[in-house]
Amino acid sequence: MPFWLAAWRQARLEPPPTQLAFTLPATTTLGWRLRNLRGPQPRVLTTMYEARRAIAGRMSRDNRLQTRLPSLPASVRTARHLVAQGCRTWHLPHLQHDALLIVSELSTNAVQHAATDFVVTLTRDDASLRVAVRDGASPFPRPGDPQLTGPQALLGERGQGPRLVHTLATAWGVMSAHGGKVVWANVQ
């Protein structure tokens, strides 16, 4: 409990504040304690669906661009165009280079490894961007995975994507989604 309360307090104090929602069954001790705090309370929801809706409901449509793309190499270029459009529209040219590299990597991974349609979402919050790619494959990306390295790897170039995202992003992660996963990265 102290760890999660500290994370929630820190998220509220970040410039700009980070939205944090807890997804816990009402029957757990942590869920009960978070729901019954004195003073300001974190949002505690029962399902991931509720959490996504609560967070999306607080975002303006003007601060979000999204597109669904087929699992084709040309879709990576379309994802890059979406990011370039967002950076131009939102007057964030200083973030464009890193955001383009990140969306290229995440989209390429969706095409090569998930082989399913994928959704690219770009959101802004003041002076930062979040790039998210949702695909239909459940395995999480990890540096050094056998399918990312090995005999097929050309000149040691394969398997560098998660490292590149880690280097460029101020924060990044992977979360399970119904029928797949979402890989996201923040750029400031």
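Remember, it's a predicted structure, so these values are computed and weren't measured experimentally.

**Some details on the packing of helix H4 (residues 74-89) against helix H5 (residues 93-114)**
It is the contact of H4 with H5, at a shortest axis distance of 9 Å, that shows an interaxial angle of 155°. The orientation of H4 relative to H5 falls into the category roughly antiparallel. Of the two elements, H4 crosses H5, and the hand of that crossing is right-handed. Across from Val76, Ala79, Arg80, Val83, Ala84 and Cys87 in H4, the residues of H5 making contact are Pro93, Leu95, Gln96, Ala99, Leu100, Leu101, Val103, Ser104, Ser107, Thr108 and Val111. Here the residues of the contact of H4 with H5 are counted per class, giving twelve nonpolar, four polar and one charged.

**What to know about helix H6 (residues 161-168)**
Three or four residues apart is the spacing at which side chains of an α-helix point the same way, because the helix has 3.6 residues per turn. Listed as buried for H6 are Gly161, Pro162, Val165 and Leu168. When H6 is viewed along its axis, its buried side chains cluster within an angular range of 135° and face the same direction. For H6, the exposed residues lying more than 90 degrees away from the buried face are His166 and Thr167. Those residues of H6 that are buried are in contact with H5, strand S6 (171-177) and strand S7 (180-187).

**Remarks on the environment of Leu95**
Residue position: Leu95 is located in helix H5. The class of Leu95 is buried, set by a relative accessible area of 1%. Measuring from C-alpha to C-alpha, the distance between Leu95 and Ser128 comes to 7.8 Å, with 33 residues separating the pair along the chain.

**A closer look at the side chain of Ser128**
On the secondary structure map, Ser128 appears in strand S5 (residues 128-135). For Ser128, a relative accessible area of 11% translates into the label buried. Not counting residues within four places of it along the chain, the set of residues in contact with Ser128 comprises Leu95, Thr123, Val187 and Gln188.

**Quick look at the pairing of S5**
Of all eight residues in S5, six are buried; the element is thus mostly enclosed. Between strand S4 (residues 118-125) and S5, which pair antiparallel one after the other, the connecting turn spans two residues, and Asp126 there sits at a positive phi close to 55°.

**A short note on unusual backbone geometry**
Glycine aside, the phi torsion of most residues is negative, and most peptide linkages are trans. Positive phi outside glycine occurs at His91, with the angle close to 55°. Classification of His91 as exposed rests on a relative accessible area of 65%. A positive phi angle, near 55°, is found at Ala115, a position not held by glycine.

**Considerations on the nonpolar core**
Counting residues in each nonpolar core, the largest one holds 29 residues, and the members touching the most others are Ile102, Val120 and Leu129. Here this core takes eight residues from H5, the largest share from any one element. If we skip the residues at most four places from it in the chain, Leu129 touches Cys87, Trp90, Leu92, Leu95, Ala99, Leu122, Thr123, Arg124, Ala185, Asn186 and Val187. By size, the runner-up hydrophobic cluster in this structure holds six residues, among which are Trp8, Leu24, Leu34 and Val44.

**Thoughts on the pattern of salt bridges**
This model, assessed by the stated rule, comprises one salt bridge. One salt bridge in this structure joins Asp135 and Lys181, with 2.9 Å as the shortest N-O distance. Here the residue Asp135 occupies a position in strand S5, and Lys181 occupies one in strand S7, the gap between them amounting to 46 residues. With a relative accessible area of 7%, Asp135 lands in the buried category. Of the residues examined, Lys181 reaches a relative accessible area of 6% and is grouped as buried.

Thresholds, definitions, all that
- Along each chain, residues carry numbers from 1 onward, in the same order as the chain's sequence is written.
- In keeping with the predicted nature of the model, local features appear solely for residues at pLDDT of at least 70, side-chain atom pairs appear and are counted solely at 80 or more, and the whole-chain, interface and lining totals rest on all residues.
- Excluding hydrogens and water, the side-chain figures rest on all heavy atoms present in the structure.
- The axes used here are C-alpha line fits, helices contributing only the stretch in contact, and every angle between their N-to-C directions lies in the interval 0 to 180 degrees.
- Helix and strand assignments come from DSSP, with helices taken as H or I runs of at least 4 residues and strands as E runs of at least 2, each series counted from the N terminus.
- Working rule for angles: under 35 degrees goes down as roughly parallel, over 145 as roughly antiparallel, 65 to 115 as roughly perpendicular, anything else as oblique.
- Working rule for handedness: look at the near helix, and if it is turned counterclockwise from the far one by less than a right angle, call the crossing left-handed; if clockwise, right-handed.
- The contact definition used throughout considers only heavy atoms, calling two residues in contact when any of these lie within 4.5 Å.
- Under the scheme applied here, ten amino acids are nonpolar (Ala, Val, Leu, Ile, Met, Phe, Trp, Tyr, Cys and Pro), four are charged (Asp, Glu, Lys and Arg), and all others, including Gly, are polar.
- Burial here depends on accessible area, computed with a 1.4 Å probe over protein chains only, as a share of the maximum for the residue type. Under 20% is buried, over 50% is exposed, and the range in between is partly exposed.
- Summarising the geometry, the arc corresponds to the directions from the helix axis toward the C-beta atoms.
- Here a strand pair is declared whenever DSSP counts at least two bridges between the two strands.
- We call a set of buried Ala, Val, Leu, Ile, Met, Phe, Trp, Tyr and Cys residues a nonpolar core when their side-chain atoms join them within 4.5 Å.
- We count a salt bridge whenever a side-chain nitrogen from Lys or Arg sits within 4 Å of a carboxyl oxygen from Asp or Glu.

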